Each structure stands twice: as structure tokens, then as C-alpha cells.
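Letter by letter, the chains look like this.
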Amino acid sequence: MSQLKDTLFRKIEEQRPRVTRLLKEYGQVELDKVTIAQAIGGVRGVKCLVTDISYLDPEEGVRFRGKTIPETFAALPKVPGSEYPYVEGFWYFLLTGEVPTMEQTLEVVADFQARRPVPQYVFDALRAMPRDLHPMAMLSAAIVVMQGESIFAKRYNEGMGKGDLWDPMYEDSCNLLAKLPAIAAYIYRLKYKGDTPIPSDPELDFGGDFAHMMGIAPPYDDVARMYFILHSDHESGNVSAHTTRLVASALADAYYSLSAGVNGLSGPLHGLANQEVLRWIQSKMEKLGGKLPTEEELERYLWDTLNSGQVIPGYGHAVLRRTDPRFSAQMEFCEKYLPNDDLYRLVKMLYKVAPKVLQEHGKARNPWPNVDAQSGVIQWHYGITQYEYYTVLFAVGRALGVLANITWDRALGYPLERPKSITLDMMEKTAGIQ
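The rules behind the values
Residues numbered from 1 in each chain as written. Predicted model: local features only at pLDDT ≥ 70, side-chain atom pairs only at ≥ 80, totals over all residues. Heavy atoms only, no water. Helix = DSSP H or I, 4+ residues; strand = E, 2+ residues; numbered from the N terminus. Buried < 20%, exposed > 50% of the residue type's maximum accessible area, 1.4 Å probe, protein only. Contact = heavy atoms within 4.5 Å. Pairing = 2+ DSSP bridges.

Draft legend 1. Inspection of the overall build of the protein chain at higher detail. In terms of helices and strands, the protein chain carries 20 helices and 2 strands. By principal-axis analysis of the C-alpha atoms, the protein chain measures approximately 65 × 65 × 45 Å. Burial statistics for the protein chain: of 434 residues in total, 53% are counted as buried. If you take every contact in the protein chain between residues at least 6 apart in sequence, the share linking residues at least 24 apart comes to 76%.

Draft legend 2. Spotlight on helix H11 (residues 220–230). Judged by how many residues are buried, H11 sits mostly within the fold: 11 of 11 residues are covered. Within H11 the residues assigned to the buried category are Tyr220, Asp221, Asp222, Val223, Ala224, Arg225, Met226, Tyr227, Phe228, Ile229 and Leu230.

Draft legend 3. Representation of the environment of Leu306. Along the polypeptide, Leu306 turns up in helix H15 (residues 295–307). According to the relative accessible area criterion, Leu306 is buried, its value standing at 9%. With 54 residues separating them in the primary sequence, Leu306 and Ala252 have C-alpha atoms 45 Å apart.

Draft legend 4. Geometry of the environment of Lys67. Along the chain, Lys67 falls in the loop between strand E2 (61–64) and helix H3 (69–75). Between the C-alpha atoms of Lys67 and Leu403, which are 336 residues apart in sequence, the distance is 19 Å. Those residues in contact with Lys67 that lie beyond four places of it in its chain are Val62, Thr72, Ala75, Phe93 and Val99.

Draft legend 5. Expanded view of the pairing of E2. Judged from the 4 bridges that link them, strand E1 (residues 54–57) and E2 form a sheet pairing that is antiparallel. Residue pairing for E2: Ser54 is matched across the bridge by Phe64. Counting the residues between successive antiparallel strands, the hairpin from E1 to E2 contains 3 residues.

Below you can see the structure in the form of C-alpha cells.
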């Protein structure tokens, strides 16, 4: 058994008694009262999901296993010659809550390299699809077409105890995660680079191999490492994370579950925000003939946008009440590697001007930028100019968090999700409406 799997098993044995005690001794403790507004409004803010993988703090942003983003980047082993950690080490950290040593990290790197080869039928299926199909549809299909590889499905059908279900879910998750960079890069090269796929380099790490297969030179390998870690998880209430866990709660395997989560991520209210931000920024540049605006011109443009009833894309967040640390991490990268990029300079100017305008406007609960205010700009700089592909990158990163979550869901025996619905008549009666 690998060090990662052995450590994970030890953690599972430690966690199971905690869940049992909470259910047995404290199951009737009230966490929150659900209001009519919450029932109608998408259950927003209702505390009814459990995960230790990440937590979204309104002031500090996402915490991975208790660590902030800067703490996470600082703690994890770095790729030689890189300022960013191995994605494989981050996977170890998400699963166990322990910061791996370099030895433990390299063991996961080698394990992923062994699991990396993608069955040829997956590439054949992608090639058979219409070339104008959305890349997220291609990614979702490629994931679910591999369902026949599921160890979980095979062992479940053979019969196994509930307490052992985490093991094949872990194996499926590792197998699937290791293959995602090759599938995502193949889709990109198939659709946008004249059907010129680049084979995987078996010596490279997760992020480095993805950049290699995309055909983009360093430091894009660091962009990949940073991007995948930043987008990995954001609590469990967002659509992609919740959908993956919901489907897995029916004891569906990782292939069915992640494919469903990818479908949720493709929605305009979830994973498409980064391309909307970039399109908005570029439209401003076009109106000025490709020139950067002055701060005064930008301020007028922002007021015109708000007064017309539109929003400033990339600003505001349902939970956060400060600048998204994922935005800050990308800004630090840009300041070092592309300080003179015009789109980045405009993002930087927006960061200076927009919060003040939004505060004066008074309707935004959070006037600060979120992760989407920046992420598309970096991809554009490195030549990925196809907006619709950005969500595929998001999906590869998000897979880290959601696959870690469904492995733990099976380890702790969490049940089938089945919330109770009520009718409008019932709510009106409760509210005293005649």
C-alpha cells in the first residue's frame, strides 16, 4: 500500500468515530432554521453539507484543510526550478490533511504517471464527435465513456462491505484524475490546433505534462499548477461540487459523478464567469481603439455600466467580503511574468477604481474582485484565446476537490442525499397567508 493510501486509511479510521458520535449523541442539535426565502432561494446559506476538504471564510477566502492559499503554496513541496507546488502533493494534502514530504509527493507523482495512459477508445470517441461541439460536452462525454474502467462499479457488483467502499472510490479517483490533463489537452489540440495532439511526457509532473501536451512553453507549466490548485475546491455548496457529491451519494462511481459535476460547471452562472469578464474587458479596450483608458475614463465607463442596470463582471461574491485570495495569487504571478500586458494593466486599474465606484453605488454587498476577474487574462496571454475552453481548465482543477470529497463520503458512510420538498400552499399556510 502506498504512503498516501496508508495515511488516508489511518485518517479514515480516526474520523469514523467522530461521525458516529455526532449522529448518535448530538443528532438533534439545531444548526440552522430554514426560512421560506432560503427554501425558495436555492437553499443559500443553509448549513446542511459536511466537508473537511475546504472551507470558505468570508474574510480569508477558501481554506484548504485549514490552510489559506498563501499557507498552502508555502507548505507544499515545490517542483524543482518552480515556485509552485506539485499538484500531486496537493492531492495528498486534500485527502489526508497532512502536508506531504518530498518523498511522499514523488511517490504520488510516480503513481499518477503509471495511471496516466488514456484508453485509445476515449480518443476515438472524441474524434468521432462534431468538431463544433462545446469542449465541456466533449470532456463530460470522455469522462463517462470510461465508466467501464470503474473499479468501484466492479467491486460493488461483486459484493463488498459498506466500510470498504472508499477503497475502490479512491482507486477510481486516482485513475480518473491522472488521465484528465491528457484528455483536456487532447480536446484543445483536436478542436483548436488543427488536430495535432502532443503525446504525454512520462517524466513530467501533472502540471508540467499538461503544459507540454498543450504545446505551451514555460512558465505556463506554473500557470497550470497554480490554476488547478486555486480552482480545486470551494466548499461543497457550489454546483459542480454539490452535483458530484449528490450523484455519488447514490453509490454511483467516480466517472458518472464527475461527469455530472462537469455538466453543472458548464452553466453560465457557475463556470463561465471568467470568459464573461475577459469579454467585458476586451470590449472596453476595443471602444478605445485598443488603448488603455485613463482612470477617469474607466470610472465613467463603470458608472455607465452600473447606471444601465448591468453589473461589473468579476466583482462581488456570494460569501466573500474581501478581495478573493485566488485573485491575489494570480495578480502576483502577472506582476512577475506579464507586468506590461495591456489586459493585465487594465485588470490592475480596475482593481484600483472599481471597488470605490461600487462602494459609492451602494448596491453591491462585496465590492471586491473574485477569482474570475483575473483568470481569463492569464490564459489569453499564453495563447489560449478560445473563451469556451476556459471552463475545461476549471474542470480539471475542480476534479481535485470533488474527487477527494466523494472518496471521504464513502469512507464515512454518508447516506443518499434526499432533501424534503414542500408545496407553495404549505408555505403560504405557515406564513399565515389566506
